[in-house]
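Fold and contact review
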Amino acid sequence: MLVSAAVCPCPPLLVPALAAGAAPELDAARDACADALGVLAASRPDRLVVVGPSAGPQDLEPYPQGAHGTFRGYGVALDVTLDGTLHGTPAGPGHGEPPTLPASLAVAAWLLGNVAWSASPIQGLGVREPLDTERCIKSGRDIAARDERVALLVMGDASACRTLKAPGYLDDRAAAFDAEVARALADADTAALAALDEKLATELQAAGRACWQLLAGAAEGASLDGALLYEAAPYGVGYLVATWS
């Protein structure tokens, strides 16, 4: 059963080493993410499942605790492990294993390490875009049924079309789409998340759509309350932080 969830954005710029001089611009988002993870820990889960967008070959790609990720592709010699720890210095994957985590889960690994997560075992799940709504909902239900107390960390950005300089350029539909997602997250409205338009989300480059709909399936019948901790669109991309508990 799902006992709590946190929704966080997943831009690599959340990692200060990658943002360099621009790092302070996302300090409020980082703080909100840390607060959201505190809500997850307080729920005393038996398992934390971290889900995030992936470009992998499988629709749903599992990653075990201890899976490795890297930010070297962004020009920074920094590697992470999905185990709730941070390396004191940049370090390569252990035991000769290559990095495997998609970028969204690598950011999640950094967030969890930043708060020294130790509340429960961790499992990762990459969600390939675009995954249809029905499959997302079913996958969420399956995850919630695995343990008596399941927490979800849901990674994903809203639209990437909020300004002229946004990655997807300006789209007049983006602000309304993001506002509806923010409202649904604030109200823990599973029906509204399940009803998000797949085609529109794809056109607006909203990478979090499938993961949010997975959350909607996992939270069915859980009677959780929502809270929106952060909402902004730096760089023209919608970033949202929310908790359900």
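For the structure, check the block above.
These lines cover the structure that appears in this document, whether it is placed above or below. (Residues numbered from 1 in each chain as written. Predicted model: local features only at pLDDT ≥ 70, side-chain atom pairs only at ≥ 80, totals over all residues. Heavy atoms only, no water.)

**Let's talk about a nonpolar patch on the surface**
Our working definition: Like charges are joined within 9 Å and nonpolar side chains (Val, Leu, Ile, Met, Phe, Trp, Tyr) within 5 Å, but only among residues with over 30% relative accessible area and no salt bridge; these make up the patches. Here, Shrake-Rupley sampling with a 1.4 Å probe gives the accessible areas, and only protein chains in the shown set may cover a residue. The term salt bridge refers to a pairing of a side-chain nitrogen on Lys or Arg with a carboxyl oxygen on Asp or Glu at a separation within 4 Å. Categorising residues by exposure relies on relative accessible area from a 1.4 Å probe, with only protein chains included: less than 20% of the type maximum marks a residue as buried, more than 50% marks it as exposed, and the intermediate range marks it as partly exposed.
Together, Leu164, Tyr169 and Leu170 line one region of the surface with nonpolar side chains, adding up to about 320 Å² of accessible area. With a relative accessible area of 38%, Leu170 lands in the partly exposed category.

**Some points on the packing of aromatic side chains**
The condition that has to hold: In this analysis, rings of Phe, Tyr and Trp, with Trp reduced to its six-membered ring, are considered paired at centre separations within 6.5 Å, and the interplanar angle assigns stacked below 30 degrees, edge-to-face beyond 60, and tilted for intermediate values.
The full count for this structure, using the stated rule, is 1 aromatic pair. Pairing Phe71 with Tyr74 gives two aromatic rings, centres 6.4 Å apart and planes at 50 degrees, and the pair type is tilted. For Phe71, a relative accessible area of 1% corresponds to the buried category.

**As for the sheet that holds strand β8 (residues 226–232)**
Here is the rule we go by: Strands pair, by our definition, only if DSSP identifies at least two bridges between them. We count a stretch as a helix when DSSP gives it H or I for four or more residues in a row; a strand needs E for two or more, and each element gets its number in order from the N terminus. Axis definition: a line fitted to C-alpha atoms, limited for helices to the stretch in contact. Angles are taken between N-to-C directions and run from 0 to 180 degrees. Any two residues whose heavy atoms approach within 4.5 Å are treated as being in contact.
In space, the 7 strands of this open sheet follow the order β3-β6-β2-β7-β1-β9-β8, with mixed pairing throughout. Each end of this open sheet is capped by a strand with a single partner; those strands are β3 (60–63) and β8. Between one strand axis and the next, the sheet turns through 20 degrees on average, direction left out of account. With 7 bridges joining them, strand β2 (residues 47–54) and strand β6 (residues 122–128) adopt parallel strand pairing. Residue pairing in the sheet places Val49 in a bridge with Gln123 of β6. Across the sheet, helix α2 (residues 27–42) touches β1 (2–8), β2, β7 (150–155), β8 and β9 (239–244), and the angle it forms with β9 is around 20 degrees.

So, to be careful, I would describe these as geometric facts and stop short of saying anything about function.
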